[in-house]
Amino acid sequence: MATRFEEKRDRLKTAMNKGTPDRVPVFPIMDQYAVLANDINLIDAYTKNPFLPALAVQKMYERGVYLDGIYGTSNMIPFDAIKKMGEGVYTLQEKGIMTKGSAGVTMSPEEYPELIKDPYDFLLSTAMPRKFDLLQAMSREEVAKTLRAVLLLTGVFEIYDKTSIQIIEKFYQTPVVAKACMMIPQCIILDYLRDFAGISRDIRRQPEDVLAASNAMLDVILPALVPQGKPGKDGFSNVFIPLHLPTFLRPDDYKNYYQPTFKYVTQYLLDKGYNVVYFMEADWTPYLDYLQELPDGNITCIFEVGDLIEIKKKVGNKVTVMGGMTTELLKTGTIQQNVDRAKWCLDNLAPGGNYIYGTDINLVYKDDAKIENLVAATQYVHEYGVY
């Protein structure tokens, strides 16, 4: 007889394989919200006590929320390691992970050839010292020593987070869906090297350099996935990838300078035995046809906005559609409004399977959702979403 963990995992796995499970999977992305909504100190949960993220899951169950899985612990940044190089873009506070400014411009447009020639050396020797002032004042030997310490602390962080995940899965019988995370290289250039204005200019003036640099960076990024989340034998090894840049591009620019890398990464991950979970930021309506060019395999897309009925009609043969749980209603609506929305999702999105009931964006802060709305919506879909 299957355990509760196996039932939930298989429910998600079937849906992510574009199949029809026994019930509609319920999968709100709410990991940091679960910590803060239950008055658990976020600093303690992410750096001091690996049992606390699991306690947050327990508290959600006690309050009546139904879950077929959680995204992860939302503890994705090795803050102790970052401190070794000075303060980063993100800072950990009791009320949440805060963004301080932006990553800034750490590469000029004239430096694309250097990035293309040796991405690892450029990122390590040029981009990182520009981002972290502490490294600029160090000798090369001191930088090397600091980076070794950073790698050690990152390893400690990975053990810490894996401990939290093991507790959640073993004691609370709840699958943790995303055990590995990465970014498409063009999005890394946007977020960490050129900023929005810079990459927008580059796509107009030197798009071939952007594409060549992105493809060169794959040799650094893709092998790093293996220690982060090596595919398991259960067929439930999922890589989460947020897509930051695409919807800022004109469709023709997307087609020529993003889609080739997007397709390559997807094929690589599927060939290695991963399932891929993409967070489709902003409105993907102008780009839906390009999703038909993706390789066949277990691909799930979380749609932030758009007509989900039309999206499923258009790309449901290629990807599993996730969404429908409107975070604005969870935050400001009534219980009945949230139940009505859940019923709408079952009536319009669930038929035929290939659908996961989830949030359109992450629940992060304590006031992002009324707990009574979350309880009503998740319980309704679990009770009535039977195939």
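See the structure shown above.
Residues numbered from 1 in each chain as written. Predicted model: local features only at pLDDT ≥ 70, side-chain atom pairs only at ≥ 80, totals over all residues. Heavy atoms only, no water.

A look at the pattern of salt bridges
Pairing between side chains of opposite charge can happen when their charged atoms approach one another.
Point 1. Inspection of every chain in the model, using the stated rule, returns 13 salt bridges.
Point 2. Notably, a salt bridge pairs E111 with R130, separated by 2.7 Å at the nearest N-O pair. Of the two residues, E111 sits in the loop between strand 2 (96-99) and helix 6 (112-117) while R130 sits in helix 7 (residues 119-131), which places them 19 residues apart along the sequence.
Point 3. By relative accessible area, E111 is classed as buried at 11%. (Salt bridge = Lys/Arg side-chain N within 4 Å of Asp/Glu carboxyl O. Helix = DSSP H or I, 4+ residues; strand = E, 2+ residues; numbered from the N terminus. Buried < 20%, exposed > 50% of the residue type's maximum accessible area, 1.4 Å probe, protein only.)

Here's the deal with the packing of helix 18 (residues 335-348) against helix 19 (residues 371-384)
Point 1. For the pair helix 18 and helix 19, interaxial distance at closest approach is 9 Å and the crossing angle is 30 degrees. Taken as axis vectors, helix 18 and helix 19 run roughly parallel relative to one another. Regarding helix 18 and helix 19, the two cross each other, and that crossing is right-handed. Contact residues: helix 18 offers I335, N338, V339, A342, K343 and L346, while helix 19 offers E372, N373, A376, A377, Y380, V381 and Y384.
Point 2. For the contact of helix 18 with helix 19, a count of residues per class yields nine nonpolar, two polar and two charged. (Axes fitted to C-alpha atoms, helices over the stretch in contact; angles between N-to-C directions. Parallel < 35°, antiparallel > 145°, perpendicular 65-115°, else oblique. Left-handed = near helix turned anticlockwise from the far one by under 90°. Contact = heavy atoms within 4.5 Å. Nonpolar A, V, L, I, M, F, W, Y, C, P; charged D, E, K, R; others polar.)

A few points about the nonpolar core
Point 1. Membership of the largest hydrophobic core comes to 100 residues, with the highest contact counts inside it found for I241, F262, Y278, W284, F303, Y357 and L374.
Point 2. Dropping the residues within four chain positions of it, Y278 is found in contact with I241, L243, F262, V265, T266, I299, T300, C301 and I302.
Point 3. Judged by nonpolar contacts, the second largest core, of 15 residues, contains A15, I29, M322 and I356. (Core = buried A, V, L, I, M, F, W, Y, C linked by side-chain atoms within 4.5 Å.)

Quick word on the sheet that holds strand 8 (residues 355-359)
Point 1. Strands sit in the order 3-4-5-6-7-8 across an open sheet of six strands; the sheet is parallel. Edge strands, defined here as strands with exactly one partner in the open sheet, are strand 3 (178-181) and strand 8. Strand after strand, the sheet turns through a mean of 30 degrees between neighbouring axes, direction not considered.
Point 2. Bridge count for strand 7 (residues 320-325) against strand 8 is five bridges, and the pairing is parallel. What sits directly across from M322, in strand 8, is I356.
Point 3. Contacts from helix 16 (residues 308-315) reach strand 6 (299-303), strand 7 and strand 8, with the element oriented near 175 degrees to strand 7. (Pairing = 2+ DSSP bridges.)

Notes on the packing of helix 10 (residues 185-205) against helix 11 (residues 207-221)
Point 1. Interhelical geometry of helix 10 versus helix 11 gives an angle of 165 degrees and a closest axis separation of 10 Å. One way to sum up the angle between helix 10 and helix 11 is to call them roughly antiparallel. Every pair of crossing elements has a handedness; the one defined by helix 10 and helix 11 is left-handed. When helix 10 is examined against helix 11, the residues P185, Q186, I188, I189, D202, I203, R204 and R205 are found in contact with a partner set consisting of P207, V210, L211, A213, S214, M217, L218 and I221.
Point 2. Of the residues belonging to the contact of helix 10 with helix 11, the class tally is 11 nonpolar, two polar and three charged.

Concerning the environment of I159
Point 1. Structurally, I159 can be placed in helix 9 (residues 140-171).
Point 2. Given the relative accessible area of 56%, I159 is considered exposed.

Quick notes on the environment of Y160
Point 1. Among the secondary structure elements, Y160 is positioned in helix 9.
Point 2. The exposure class of Y160 is buried, given its relative accessible area of 14%.
Point 3. Spatially, the C-alpha atoms of Y160 and T47 are 8.0 Å apart, while their sequence positions differ by 113 residues.
Point 4. Polar side-chain contacts of Y160 include one of 2.9 Å to the backbone oxygen of A45. (Polar contact = N/O pair within 3.5 Å; in protein donor to acceptor, adjacent residues only side chain to side chain.)

Concerning the pairing of strand 6
Point 1. Here strand 6 lies mainly inside the structure; five of its five residues are buried.
Point 2. Both faces of strand 6 are covered, namely the face carrying I299, C301 and F303 and the face carrying T300 and I302.
Point 3. Both strand 5 (residues 275-280) and strand 6 contribute to a ladder of five bridges, which runs parallel. Paired with V277 across the strands is T300, a residue of strand 6.
Point 4. Examined bridge by bridge, strand 6 and strand 7 share three bridges and lie parallel to one another. Bridging across to strand 7, I302 finds its partner in M322.

Here we look at unusual backbone geometry
Point 1. Its identity as a non-glycine residue notwithstanding, D39 has a phi of 55 degrees, on the positive side.
Point 2. Summarising the element assignment, D39 is placed in the loop between helix 2 (31-37) and helix 3 (42-47).
Point 3. In the Ramachandran plot, N354 falls in the positive-phi region, its phi being about 60 degrees despite a non-glycine side chain.
Point 4. Within the fold, N354 resides in the loop between helix 18 and strand 8.

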